[in-house]
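Structural characterization, general
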Amino acid sequence: SAVISQKPSRDICQRGTSLTIQCQVDSQVTMMFWYRQQPGQSLTLIATANQGSEATYESGFVIDKFPISRPNLTFSTLTVSNMSPEDSSIYLCSVTGEWDTEAFFGQGTRLTVV
Amino acid sequence: SQQGEEDPQALSIQEGENATMNCSYKTSINNLQWYRQNSGRGLVHLILIRSNEREKHSGRLRVTLDTSKKSSSLLITASRAADTASYFCATDPLYNQGGKLIFGQGTELSVKP
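To keep things clear, this report deals only with the structure shown in the data block. (Residues numbered from 1 in each chain as written. Chains lettered and ligands numbered in written order. Predicted model: local features only at pLDDT ≥ 70, side-chain atom pairs only at ≥ 80, totals over all residues. Heavy atoms only, no water.)

Points about the overall build of chain B
Secondary structure summary: chain B contains 0 helices and 11 strands in total. Going from the N terminus to the C terminus, chain B shows its helices and strands as β-β-β-β-β-β-β-β-β-β-β. In terms of C-alpha radius of gyration, chain B reaches 13 Å, essentially the compact-globule figure of 13 Å for 113 residues. Looking at chain B residue by residue over its 113 residues, the buried ones come to 48%. In chain B, the share of contacts with a sequence separation of at least 24, taken over all contacts with a separation of at least 6, comes to 56%. Of the roughly 5300 Å² of accessible surface on chain B, a fraction of 46% belongs to carbon and sulfur atoms. Between the centroid of the 13 positive side chains of chain B and the centroid of its 11 negative side chains there is a distance of 5 Å. (Helix = DSSP H or I, 4+ residues; strand = E, 2+ residues; numbered from the N terminus. Rg over C-alpha atoms; globule rule 2.2 N^0.38 Å. Buried < 20%, exposed > 50% of the residue type's maximum accessible area, 1.4 Å probe, protein only. Contact = heavy atoms within 4.5 Å. Areas by Shrake-Rupley, 256 points an atom, 1.4 Å probe, with all protein chains shown as cover. Lys, Arg positive; Asp, Glu negative; His and termini not counted. Charge placed at Lys NZ, Arg CZ, Asp CG, Glu CD.)

What to know about the sheet that holds strand 3 (residues 19–24) of chain B
Residue and element names in this part refer to chain B. Strand order in the open sheet formed by 5 strands is 1-3-8-7-6, with antiparallel pairing between adjacent strands. Only two strands of the sheet have a single partner each, and these edge strands are strand 1 (5–7) and strand 6 (55–58). Geometrically, the sheet is characterised by an average inter-axis angle of 15 degrees between neighbouring strands, direction not taken into account. As paired elements, strand 6 and strand 7 (residues 61–66) share 4 bridges and run antiparallel to each other. Within strand 7, the residue paired with Lys56 across the bridge is Val63. (Pairing = 2+ DSSP bridges. Axes fitted to C-alpha atoms, helices over the stretch in contact; angles between N-to-C directions.)

Some words on the interface of chain B and chain A
In this assembly, 24 residues from chain B lie in contact with 24 residues from chain A. At the boundary of chain B with chain A, total buried surface from both sides reaches about 1900 Å², with 46% on carbon and sulfur atoms. Looking only at chain B, the three residues that lose the most surface to chain A are Arg41, Leu43 and Lys100 of chain B, adding up to 26% of its buried area. Linking chain B with chain A are 1 salt bridge, by the criterion used here. The shortest N-O distance in the salt bridge between Glu58 of chain A and Lys100 of chain B comes to 3.0 Å. Elements with a minimum of two residues in the side of chain B that touches chain A: strand 4 (29–37), strand 5 (43–50) and strand 9 (85–93) of chain B. (Buried area = accessible area lost by both parts, 1.4 Å probe. Salt bridge = Lys/Arg side-chain N within 4 Å of Asp/Glu carboxyl O.)

A short note on the pattern of salt bridges
Residue and element names in this part refer to chain B. A full pass over the atoms with the stated rule returns 6 salt bridges over all chains. Of the charged contacts in the structure, one is a salt bridge between Arg36 and Asp83, with a shortest N-O distance of 3.9 Å. Of this pair, Arg36 sits in strand 4 while Asp83 is found in the loop between strand 8 (71–76) and strand 9, placing the two residues 47 residues apart along the sequence. Asp83 sits in the buried class, given a relative accessible area of 6%. The network of salt bridges with shared partners includes Arg36, Arg60 and Asp83.

What follows is the structure, given as structure tokens:
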């Protein structure tokens, strides 16, 4: 199993500003992911955070809007840039270990953009 | 959309009753997982069933998988008020590069004392 510390847990931000969310894992993990959960919706994968290289983004998400860093096997950041009210969501960090095993999630960051 | 379908979207039952949630998906899979989410917080993993398994139990949870119909069900027996939460199925697609889950729309379960 893995314990994930994600912060901040919530924030209220002004439109046009940026917020960086941190994800710290208590053990070295292979795969790290960032998901978005819009109000009342399910989870949508934003990107895979790759250690030491550029993240791999899913369709509809771009690096300029959601820059991601992963400097080592236990830490990653997601920045939500130039925010608008449409970015109000819960953002979740997730990790997996070996292939064909369960994923573990951080507690999420509830972002409100006003 | 690649996301799966879940039904019902919302389910309200009395304590002690059983709750059944269904999930359908579109692609071949390595495994299917069920997660629970309380009040928009992080997801908690409940159970994982692999594509070569048909049924799995964990405590009060029973999961079935029918790969021919691309569907799964989650049964919670003898429900408790503390089971009130949103439940999501998630599939790990075949030939996936590990860990990229596709989530269903979720079922919001309310268990009344």
